[in-house]
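For reference, the chains in residue letters:
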Amino acid sequence: MEEPLEQTISARQLGAAFSGCFLGAGYVSGREMWQFFGRFGPVGWLGLCLSIALLGGAGLLLLTMVRRTGRHELSFLMVPWQCPALRHLLALFSVLLLFGVVTIMTAGTGAALHQAFGLPPWLCGLLFALLIAALSLSGLRGMISIFSFAAPALVLCTVGLGAGALLLLPACPPPAFQGGVGWLPSAMAFSAYNMFSAVAILAPLGRQVPPRCTPRGIGLGCTMLFMVAAPILLVLNHYPGAAETEFPMLTVVTAISPGLGIPYLLLLLIAMVVSAGTELHGRERVLRFFAVSLVAWGASLLGFGELISLIYPVFGAVSAVFLTGMAVHFCRVNWGNPNEKADGK
């Protein structure tokens, strides 16, 4: 059972928790930013703004519905119909997404430490898998405390390092950007898989956040997300060769000064721990924490970049289906059957 929170969540804590759910290694390293937005050139900025707006809207919708219904179960929120088969499918997909994200973060840890220090990726990934399994046992209070520290630190460090890169590194000729409307499905896929993966930790907060704090907290979280993404996109547009590496921003920071590689690596590790911990949070059994982590470690040996390119777009498409169900449920709660607010049926 999920432990209850004794105190309400402030707008600042909600903003840190909301942004922290999405600030994983792919986001902070620049890998996701380039794949989903940067490679489309100037129009990629439109995709970024659209994605953050969709995340904010979905977050506000989710917390409002949880507060009005008093329930935060995934099957209730995302499947508004009495359809056991669909709810079983949702449970299966949730486990697969959990496994996919933890696998990517585990692979990212191994790849980052290998790139920086030449350490064996398999050993670093194994230690990380055990760490996040243990961290997930801290419960919801522990995760909120981690978000309150980690999210602002990620924003400040990314802004500072991005500004340093733009000032100190010579600009390179821009790459040949991809045209067309590909930026739109890319932005929507990015929003869908990120929001779906965050529902498990955001939904319980709906009962703890005062109504007046919810819009301010979500707005603050969206602002933090943009403040991390903007300097990364600016840097990669000026230094596009880094986008070919598994950790573009780590490559850029190391080019400024090799000594900066270590603090930025620490920044990446914090992001990976937060992202993976978010996915494992809320699973009830201790053995399940460690079983998922160890199996994800084995799959992580496939490689960080390859996993992001394969898993995230596929999960984005499927996540969009269940998020649409959540939107339908929100409409039913607010404008449909009045009994649904009370009994959730």
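Residues numbered from 1 in each chain as written. Predicted model: local features only at pLDDT ≥ 70, side-chain atom pairs only at ≥ 80, totals over all residues. Heavy atoms only, no water.

For the rest of this paragraph, the subject is the packing of aromatic side chains. Here a ring pair, both rings aromatic, is described through the centre-centre distance and the interplanar angle of the planes. Throughout the structure, instances matching the rule amount to eight aromatic pairs. Three or more aromatic residues link up through ring pairs in this structure, and these residues are Y27, F36, F37, F190 and Y193. Positioned above the aromatic ring of F76, the side-chain terminus of R71 is 4.1 Å from the ring centre. (Phe/Tyr/Trp six-rings, centres within 6.5 Å; stacked < 30°, edge-to-face > 60°. Lys NZ or Arg CZ within 6 Å of the ring centre and 35° of its normal.)

Let's shift gears to the pattern of salt bridges. One pass over the full model with this rule turns up one salt bridge. For E73, the salt bridge identified is with R71, shortest N-O distance 3.2 Å. In this structure R71 comes out as partly exposed when scored by relative accessible area, which is 27%. (Salt bridge = Lys/Arg side-chain N within 4 Å of Asp/Glu carboxyl O. Buried < 20%, exposed > 50% of the residue type's maximum accessible area, 1.4 Å probe, protein only.)

This next bit is on helix α1 (residues 11-20). Burial runs high along α1: eight of the 10 residues are buried. Taken as a whole, α1 has its buried residues at A11, L14, G15, A16, A17, F18, S19 and G20. (Helix = DSSP H or I, 4+ residues; strand = E, 2+ residues; numbered from the N terminus.)

The next thing to look at is the layout of surface pockets. A volume near 260 Å³ is recorded for the second largest pocket. Residue lining of the second largest pocket: 16 residues in total, with L54, A58, S191, A192 and L323 positioned closest to the centre. Top element by residues in the lining of the second largest pocket is helix α14 (residues 304-335). It accounts for six residues. Of the residues that constitute the lining of the second largest pocket, the class distribution is 12 nonpolar, four polar and no charged. (1 Å grid on protein atoms, 1.4 Å probe; cavity = no way out; pocket = protein on both sides within 12 Å on 5 of 7 lines; lining within 4 Å. Points joined across faces, edges and corners; volume = space filled by probe spheres on them. Nonpolar A, V, L, I, M, F, W, Y, C, P; charged D, E, K, R; others polar.)

This paragraph deals with the side chain of S186. Structurally, the position occupied by S186 is in helix α9 (residues 183-202). Residue S186 is classed as buried on the basis of its relative accessible area, which comes to 8%. Ignoring sequence-local partners within four residues, the contact set of S186 consists of Q35, F36 and F40. (Contact = heavy atoms within 4.5 Å.)

When pLDDT is averaged along the protein chain, the result is 76, and 75% of the positions lie at 70 or above. Under a pLDDT of 50 for its full length, residues 1-6 has, in the predicted model, 14 contacts with residues more than four places off or in other chains. For the stretch residues 283-287, pLDDT sits under 50, and the model shows seven contacts to residues farther than four places along the chain or on other chains. (pLDDT = per-residue confidence, 0-100.)

This paragraph deals with the packing of α1 against helix α10 (residues 213-238). Interaxial distance between α1 and α10 falls to 7 Å at its minimum, and their mutual angle equals 45 degrees. Here α10 runs oblique to α1, going by the angle between their axes. Between α1 and α10 lies a crossing whose hand is right-handed. In this structure, α1 contributes A11, R12, L14, G15, A16, F18 and S19 to the contact, and α10 contributes C213, T214, R216, G217, I218, L220, G221, C222, M224 and L225. Taken together, the residues of the contact of α1 with α10 break down into 10 nonpolar, five polar and two charged. (Axes fitted to C-alpha atoms, helices over the stretch in contact; angles between N-to-C directions. Parallel < 35°, antiparallel > 145°, perpendicular 65-115°, else oblique. Left-handed = near helix turned anticlockwise from the far one by under 90°.)

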